[in-house]
Amino acid sequence: TLGMAKSLSNDFQGAIECFAKMKRILLSQSNPSNVEIARAVDAMGKVRLRQGDAASAIRMHLDDALRLKRKALGQRNTSVVQTELNLAAAYQSHGAPEDALSVLKGAQSTRKILMRREEDRERRRALAADLSDTMRVITELTREIAQKQGSGSSMLMIEEEKEIMM
């Protein structure tokens, strides 16, 4: 979309305007799609994060996009997981690794369920790779949190890593 192109060229204000216009157009329809509205808001959150405004990104991802996607698609959907990952990135950028970790653990659980249910071999392989990436980030965040808390939490870190692998 034009909004993504503007974002990639660092025209953040232009990108926000494009996504906001997209949202307004969708809302003006007689039967607006919550998923499409959520995608526009999610994209605005990504742009805000690229701008360095993690607080706005968190509000957009959590308050708007995630709520709308969960309402329209349910919790166990790859699009919902993607918004959760965007939210986790915003939390991490905002200096809230514990919140990011909590969101990532939820996304990990959902990805495990989706992978088990998937019948298509290629899609299942892609989900497994995504799950592996999520587990890696969870491990990194767990270590980061443990380091911030000092050496007394090394047992906690070991227990957390065992839980991740399950």
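Further up the page is the structure itself.
Now for a quick tour of the structure. Predicted, not measured: the structure shown is a model, and the values here were computed from it.

A few words on the side chain of serine 7. For serine 7, the position within the fold is in helix 1 (residues 2-8). Exposure remark for serine 7: the relative accessible area of 4% places this residue in the buried category. For serine 7, the residues in contact, after removing those within four places along its chain, are Phe12, Ala15, Val47 and Arg50.

Following the criterion strictly, the structure yields nine salt bridges and no others. Residue lysine 69 pairs with aspartate 42 through a salt bridge whose shortest N-O separation is 3.6 Å. Here aspartate 42 lies in helix 3 (residues 34-51) and lysine 69 lies in helix 4 (residues 54-73), a separation of 27 residues in the sequence. An identical accessibility class is assigned to lysine 69 and aspartate 42; each is buried. The salt bridge involving arginine 70 is made with glutamate 84; its shortest N-O contact spans 2.9 Å. Remark: glutamate 84 occurs in helix 5 (residues 78-93) and arginine 70 occurs in helix 4; sequence separation between them is 14 residues. Using a relative accessible area of 35% as the deciding quantity, one classes arginine 70 as partly exposed.

Following the sequence through the fold, glutamine 13 ends up in helix 2 (residues 12-28). Sequence separation between glutamine 13 and glutamine 51 is 38 residues, and the spatial gap between their C-alpha atoms is 9.4 Å.

Where helix 4 contacts helix 5, the two axes come as close as 9 Å, and the packing angle between them is 165 degrees. Regarding the angle of helix 4 to helix 5, the classification is roughly antiparallel. Every pair of crossing elements has a handedness; the one defined by helix 4 and helix 5 is left-handed. Note on element contacts: helix 5 touches helix 4 through Ser79, Val80, Thr83, Glu84, Asn86, Leu87, Ala90, Tyr91 and Ser93, opposite Ala54, Ala57, Ile58, His61, Leu62, Ala65, Leu66, Lys69, Arg70 and Leu73. A per-class count over the contact of helix 4 with helix 5 returns 11 nonpolar, five polar and three charged.

With that settled, the discussion passes to helix 7 (residues 121-149). Relative to the 42 Å expected for 29 residues at 1.5 Å per residue, helix 7 spans 42 Å between its end C-alpha atoms, a close match to the ideal helical length. The N-cap residue of helix 7 is aspartate 120: its side-chain oxygen and the backbone nitrogen of glutamate 122 are 3.3 Å apart. Glycine 150, located one to two residues past helix 7, shows a positive phi value of around 95 degrees.

A separate point is unusual backbone geometry. In this structure, asparagine 10 takes a positive phi of about 65 degrees despite not being glycine. You can see asparagine 10 is positioned in the loop between helix 1 and helix 2.

This part covers the nonpolar core. Leu87, Tyr91 and Leu104 are the most contacted members of the largest nonpolar core, which has 24 residues in total. Apart from the residues lying within four places of it in its own chain, the contact partners of leucine 87 are Ile58, His61, Leu62, Leu66 and Val103. Counting residues in each nonpolar core, the second largest holds 14 residues, with Ala15, Ile16, Leu26 and Ala65 among its members.

The rules behind the values
- Positions within a chain are numbered from 1, following the residues in the order the chain's sequence is written.
- In keeping with the model being predicted, local features are shown solely for residues with a pLDDT of at least 70 and side-chain atom pairs are shown and tallied solely at 80 or more, while totals for entire chains, interfaces and linings include all residues.
- Only hydrogens and water are set aside when side-chain values are computed; all heavy atoms of the structure are taken into account.
- Secondary structure elements follow DSSP: runs of H or I no shorter than four residues count as helices, runs of E no shorter than two count as strands, and numbering proceeds from the N terminus.
- Relative accessible area decides the class of each residue, using a 1.4 Å probe on protein chains only: under 20% of the type maximum gives buried, over 50% gives exposed, and in between gives partly exposed.
- Contacts are assigned to residue pairs that have any heavy atoms within 4.5 Å of one another.
- For salt bridges, the criterion is a side-chain nitrogen of Lys or Arg within 4 Å of an Asp or Glu carboxyl oxygen.
- Axes, fitted as lines to C-alpha atoms, cover a helix only where it is in contact. Angles between the N-to-C directions of the axes lie from 0 to 180 degrees.
- Throughout, the term roughly parallel applies to angles under 35 degrees, roughly antiparallel to angles over 145, roughly perpendicular to angles from 65 to 115, and oblique to all others.
- Two helices that cross are described as forming a left-handed crossing if the nearer one is turned anticlockwise from the farther one by less than a right angle, and a right-handed crossing if clockwise.
- Under the convention adopted here, Pro, Cys and the residues Ala, Val, Leu, Ile, Met, Phe, Trp and Tyr are nonpolar, Asp, Glu, Lys and Arg are charged, and Gly plus all remaining residues are polar.
- For a helix, the expected span equals 1.5 Å multiplied by the number of residues minus one.
- Any pair of nitrogen or oxygen atoms within 3.5 Å is treated as a polar contact; in protein, a donor-acceptor pairing is required on top of that, and neighbouring residues in sequence qualify only through side-chain atoms on both sides.
- Working definition of a nonpolar core: buried Ala, Val, Leu, Ile, Met, Phe, Trp, Tyr and Cys residues. They are joined through side-chain atoms within 4.5 Å.

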